[in-house]
Amino acid sequence: MAGSGLMNPDLSVVLDVAVAYFGPRGQPIGTGAHDPSRNGFNFQQLEVAIGSSVDPYFRLDAFLVFSEHGVEVEEAFGTTLALPARLQLRAGRFLHRFGRVNATHPHGWSFVDQNLLVGRLFGPEGGGGLGVELSWLSPLPWWLELSATSMTASGAASARSFFGGRDLGVRDPRDLLHVVTVKQFFALDDDWSLLTGVSAALGPNATGRANRTDIVGLDGYLRYRPTRGAAQNAWTLQVEIAHRRRQIPRDVLADWNGYAQLVWQWGRPWAAAARWEYGSSVRGLDGQPVEDPLDPDWTADRHRGAVALTHWPTEFSRIRLQATSDFPAWLDAPRLALFCALELVTGAHGAHAF
Amino acid sequence: MPFDWDERFESMRAPIHRTIRSVARFRHLVLLLLCGSLPGASPARAHEPLRVVATTADLGALAREIGADRVRVSVLALPTQDPHWVDARPSLALELSRADLLLYVGLDLEVGWLPTLLLGARNPRIQPGAPGHLDCSQFVDVLEVPTGRVDRAQGDVHPHGNPHYMLDPRRVVRVVRGIADRLGRLQPAAASHYRSSAEALVGRIERARLDWERRLARLRGTNAVSYHRSVSYLADWLGLRFVGHVEPRPGIPPNPRHVAQLIAAARAAGARLLVQESWHPTNTSRLIAERAGMRLVVLPTGPDVRRGESWTRYMDRLVTALEAVP
């Protein structure tokens, strides 16, 4: 049909593969479903992204992920384009906007592997589910966006702090996962940007119909990118912290999680990055460490540090070297991991949010 | 078997409920903000200036000259920023959320950042297909439209053609008329004002063009080198002949082998001029220019709209820079 090509949606394919070495002490203890997980070659994922306007009122985006474990619909959602009052609705399966990194895909990350914070709190695929999100851009002089999401609370890989793999069903709205975010952006000047956020994820957990999990978090993103001259350098500092409380029979469990990462990009094709992550032990109401039914091994504080060097031959290909040292206090010695990862992007891939 | 809620831990809910009660206390403020974001409260009213958002400084400068005090113009990419590589800062989405008219260069120049801003702006007035959405490339004849198969192995090519048409005054006058026509559609009562204002601007540009062509006449037929394929329209207008580019393929940084080949090609062709924008690094260009006996000219990259510079004044600076070529 003449002209039919013009109506095709944007289609792109992103391949992530890596070579990994996990040191003499053996098994990795990363959290991500698509992290390199064994010595030697690792097929992380092949992401197929499809997106286009449906009509003047809706846009459709879908992300299919192929891995060694099969195919999954990572996200598939519609977004409204014409709601009044600066409102926007998303409906379908999607990653919720808790914090900064949760809603992003691996090829938007500055490191090869998933953040501990996301993996521990939400799951190896990142926090998400099937539901609806309403967001609102305020008319204030600076950018302030509120969003409220209600979605399924089940999914071992995406809602592990909530119903997880044990779906107890929905009898009333309290059986859904509710995520609320407030994000603000400040253009400090032409070169400096600051994005801050407050998030809360509230929902039921699988230890009892009325037992709740509350996760609250703060995130910050500070970026310096000169807008004059040819240096094409950029510095970004990204920080997230989250506090989780879970009701279980006869106790309330609480833990802290966080990370800070610094990325220095020089020229267009090079970047160096460093990240430090922390996950506390789980404590009960009496303040003493207790065993976490979700992570029985996680009996003490855990620190993880990583450095990465990235080269982009073009904006569509990326080679990344990463060294990670993991310090779970319950193990006798740190775990070392080395990655060399390749990412290739082809097709029309949509622009990323700031 | 699921466990039941233990009443001893009821206190855990309290902070959440307190937060909800606090929000309820500020419901009047929330209502005020919601009202402020309703369409009726937006600034695109007949008695107020149209809010025009241009992606680049050159389009912004034209809109300001055409609309004068009937428009309020803001520009997303600074003239010192490479429009291919702009951070999609949320503050830019905020500008778009208030816009009555979006002007953009098109031909995928802004594809890396504008679509996400447009989605985040939540502004139906400027979505594709709406009267407030104006792709200015529709007004010009486009150069370097790829024929046959387009592949990224060719570099970061623009599949719909070269988007750097704002360096050719002959094409810019068509853009001026296109913008005026669209402003008139959005504000029919002021359509004649926009039309006459545009024609006055076209007259100024045409008079300036004759002066610029006289001053640069000796460059006609000159062999030259450019960093990026961003001066094709300038070459088309002035009769420059580009014998090579510092980038081996669009968007691909130079490598030593290509630099050596380019120096040889420039020498063989007797190229006198290497032009580039200030956002590209000059170290490789300087080396090539010195080895091949060319003059390196760093072109100004857009009107200084914050200081009210017009597009013709900016082009005058650009012509002055080219006049320095011996």
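Residues numbered from 1 in each chain as written. Chains lettered and ligands numbered in written order. Predicted model: local features only at pLDDT ≥ 70, side-chain atom pairs only at ≥ 80, totals over all residues. Heavy atoms only, no water.

Caption draft 1: Spatial organisation of the packing of aromatic side chains. Counted by the stated rule, this structure contains 15 aromatic pairs over all chains. Taking the centre distance of 5.4 Å and the plane angle of 90° together, the rings of A:Tyr221 and A:Phe354 count as edge-to-face. Placement of the pair is A:Tyr221 in strand β10 (residues 212–224) and A:Phe354 in the segment after β16 (335–347), with a sequence separation of 133 residues. A relative accessible area of 9% places A:Tyr221 in the buried class. A:Phe354 gets classed as buried once you look at its relative accessible area, which sits at 14%. Of the aromatic side chains, those joined through ring pairs into one cluster are A:Trp235, A:Trp264, A:Trp266 and A:Trp270. Its guanidinium or amino end placed over the ring of A:Tyr221, A:Arg100 lies 3.7 Å from that ring's centre, counting from NZ or CZ. Lying over the aromatic face of A:Phe316, B:Arg152 brings its terminal NZ or CZ to 3.5 Å of the ring centre. (Phe/Tyr/Trp six-rings, centres within 6.5 Å; stacked < 30°, edge-to-face > 60°. Helix = DSSP H or I, 4+ residues; strand = E, 2+ residues; numbered from the N terminus. Buried < 20%, exposed > 50% of the residue type's maximum accessible area, 1.4 Å probe, protein only. Lys NZ or Arg CZ within 6 Å of the ring centre and 35° of its normal.)

Caption draft 2: Main features of the pattern of salt bridges. Residue and element names in this part refer to chain A. Inspection of every chain in the model, using the stated rule, returns 43 salt bridges over all chains. Here aspartate 172 ties to arginine 174 by a salt bridge, and the two come within 3.2 Å at their closest N and O atoms. A relative accessible area of 26% places aspartate 172 in the partly exposed class. The salt bridge involving aspartate 292 is made with arginine 244; its shortest N-O contact spans 3.7 Å. Of the two residues, aspartate 292 sits in the loop between β13 (270–279) and β14 (302–314) while arginine 244 sits in strand β11 (residues 234–248), which places them 48 residues apart along the sequence. By relative accessible area, which is 0% here, aspartate 292 ends up buried. With a relative accessible area of 0%, arginine 244 lands in the buried category. (Salt bridge = Lys/Arg side-chain N within 4 Å of Asp/Glu carboxyl O.)

Caption draft 3: Region of the structure containing the nonpolar core. Ranked by internal contacts, the top residues of the largest apolar core, which has 59 residues, are B:Leu103, B:Ile179, B:Trp311 and B:Leu322. Looking at which domains feed residues into this core, each of domain 1 (45–142 + 158–212) and domain 2 (216–323) of chain B gives three or more. Excluding residues that lie within four positions of it along the chain, B:Leu103 makes contacts with B:Val52, B:Val53, B:Ala54, B:Thr55, B:Leu59, B:Ala63, B:Leu134, B:Cys136 and B:Ile179. Formed by 23 residues, the second largest nonpolar core is a distinct cluster that contains A:Phe94, A:Leu121, A:Phe122 and A:Ala153. (Core = buried A, V, L, I, M, F, W, Y, C linked by side-chain atoms within 4.5 Å. Domains from an automatic or database assignment. Contact = heavy atoms within 4.5 Å.)

Caption draft 4: Seen up close, the pairing of strand β7 (residues 273–277) of chain B. Residues and elements named next belong to chain B. Counting buried positions along β7 gives five out of five residues, so the element sits mostly inside the fold. Side chains Leu273, Val275 and Glu277 project from β7 onto one buried face, and the interleaved Leu274 and Gln276 project onto a second face that is buried too. Pairing of strand β5 (residues 223–226) with β7 involves three bridges; the strand directions are parallel. Counterpart to valine 225 in the pairing with β7 is leucine 274. Pairing of β7 with strand β8 (residues 295–299) involves five bridges; the strand directions are parallel. Considered in β8, the bridge of glutamate 277 is made with leucine 299. (Pairing = 2+ DSSP bridges.)

Caption draft 5: Layout of the interface of chain B and chain A. Every contact between the two is made by 51 residues of chain B and, on the other side, 66 residues of chain A. The interface formed by chain B and chain A holds four salt bridges in total. A salt bridge links B:Asp87 to A:Arg223; the shortest N-O distance between them is 2.7 Å. For the pair chain B and chain A, the number of links is 16 residue pairs in polar contact (both at pLDDT 80 or more). (Polar contact = N/O pair within 3.5 Å; in protein donor to acceptor, adjacent residues only side chain to side chain.)

Caption draft 6: A nonpolar patch on the surface, seen in detail. Residue and element names in this part refer to chain A. Taken together, Val198, Leu218, Trp235, Leu237, Val239, Ile241, Trp256, Leu262 and Trp264 make up a surface patch of nonpolar side chains, about 790 Å² in accessible area. Elements with a minimum of two residues in the nonpolar patch: β11 and β12 (251–266). In terms of residue count, β11 provides more of the nonpolar patch than any other element does, four residues in total. Mapped onto the elements of the fold, leucine 262 is located in strand β12. (Patch = residues over 30% accessible without salt bridge, like charges linked within 9 Å, V, L, I, M, F, W, Y side chains within 5 Å. Areas by Shrake-Rupley, 256 points an atom, 1.4 Å probe, with all protein chains shown as cover.)

Caption draft 7: Quick look at the sheet that holds strand β2 (residues 71–75) of chain B. Residues and elements named next belong to chain B. Taken together, four strands build an open sheet; the order of strands is β2-β1-β3-β4 and the sheet is parallel. Every other strand in the sheet has two partners, leaving β2 and β4 (133–135) as the edge strands with one partner each. Neighbouring strand axes in the sheet, compared pairwise and without regard to direction, differ in orientation by 20° on average. Pairing of strand β1 (residues 50–54) with strand β3 (residues 101–104), which is carried by three bridges, proceeds in the parallel orientation. Among the inter-strand pairings, valine 53 is bridged to a residue of β3, identified as leucine 102. (Axes fitted to C-alpha atoms, helices over the stretch in contact; angles between N-to-C directions.)

Caption draft 8: Representation of the domain arrangement of chain B. All names here are of chain B. As assigned here, chain B comprises domain 1 (45–142 + 158–212) and domain 2 (216–323). The centre of domain 1, based on its C-alpha atoms, is set 26 Å off from the matching centre of domain 2. Residue-level contacts link 30 residues of domain 1 with 28 residues of domain 2. Interface area, domain 1 with domain 2, both sides summed: about 2500 Å², of which 63% is carbon and sulfur. Seen at the junction of domain 1 and domain 2, the total is two salt bridges. (Buried area = accessible area lost by both parts, 1.4 Å probe.)

Caption draft 9: Region of interest: the sheet that holds β7(B). All names here are of chain B. Read from one edge to the other, the open sheet built from four strands follows the order β6-β5-β7-β8, with strand pairing classed as parallel. Of all the strands in the sheet, the pair left with one neighbour each is β6 (241–245) and β8. Ignoring strand direction, the axes of neighbouring strands in this sheet form an average angle of 30°. This element, helix α9 (residues 256–269), spans β5 and β6 of the sheet and lies at about 160° to β6. Running at roughly 175° to β8, helix α11 (residues 311–323) makes contact with β7 and β8 of the sheet.

Caption draft 10: The environment of B:Thr147, seen in detail. Here B:Thr147 lies in the loop between β4 and α6 (169–186). C-alpha of B:Thr147 to C-alpha of B:Ala269: the two residues are 122 residues apart in sequence and 27 Å apart in space.

Caption draft 11: Inspection of helix α7 (residues 191–215) of chain B at higher detail. Residues and elements named next belong to chain B. With 25 residues, α7 should reach 36 Å at 1.5 Å per residue; the first-to-last C-alpha distance of 36 Å fits that figure. Every buried residue belonging to α7 is among Ala191, Tyr194, Ser197, Ala198, Leu201, Val202, Gly203, Ile205, Ala208, Arg209, Trp212 and Arg215, and all of these are buried. On its buried face, α7 is in contact with β1, α3 (57–67), β2, α6, α8 (232–238) and α11. (Expected span 1.5 Å × (residues − 1).)

Caption draft 12: Inspection of empty space enclosed by the protein at higher detail. All names here are of chain B. Within this structure, the stated rule accounts for five cavities of 30 Å³ or more. The space that makes up the largest cavity amounts to roughly 330 Å³. What lines the largest cavity is a set of 24 residues, among which Asp58, Pro83, His164, Trp279 and Thr301 lie closest to the centre. For the lining of the largest cavity, the per-class residue count stands at 16 nonpolar, six polar and two charged. Looking at which domains feed residues into the lining of the largest cavity, each of domain 1 (45–142 + 158–212) and domain 2 (216–323) supplies at least three. (1 Å grid on protein atoms, 1.4 Å probe; cavity = no way out; pocket = protein on both sides within 12 Å on 5 of 7 lines; lining within 4 Å. Points joined across faces, edges and corners; volume = space filled by probe spheres on them. Nonpolar A, V, L, I, M, F, W, Y, C, P; charged D, E, K, R; others polar.)

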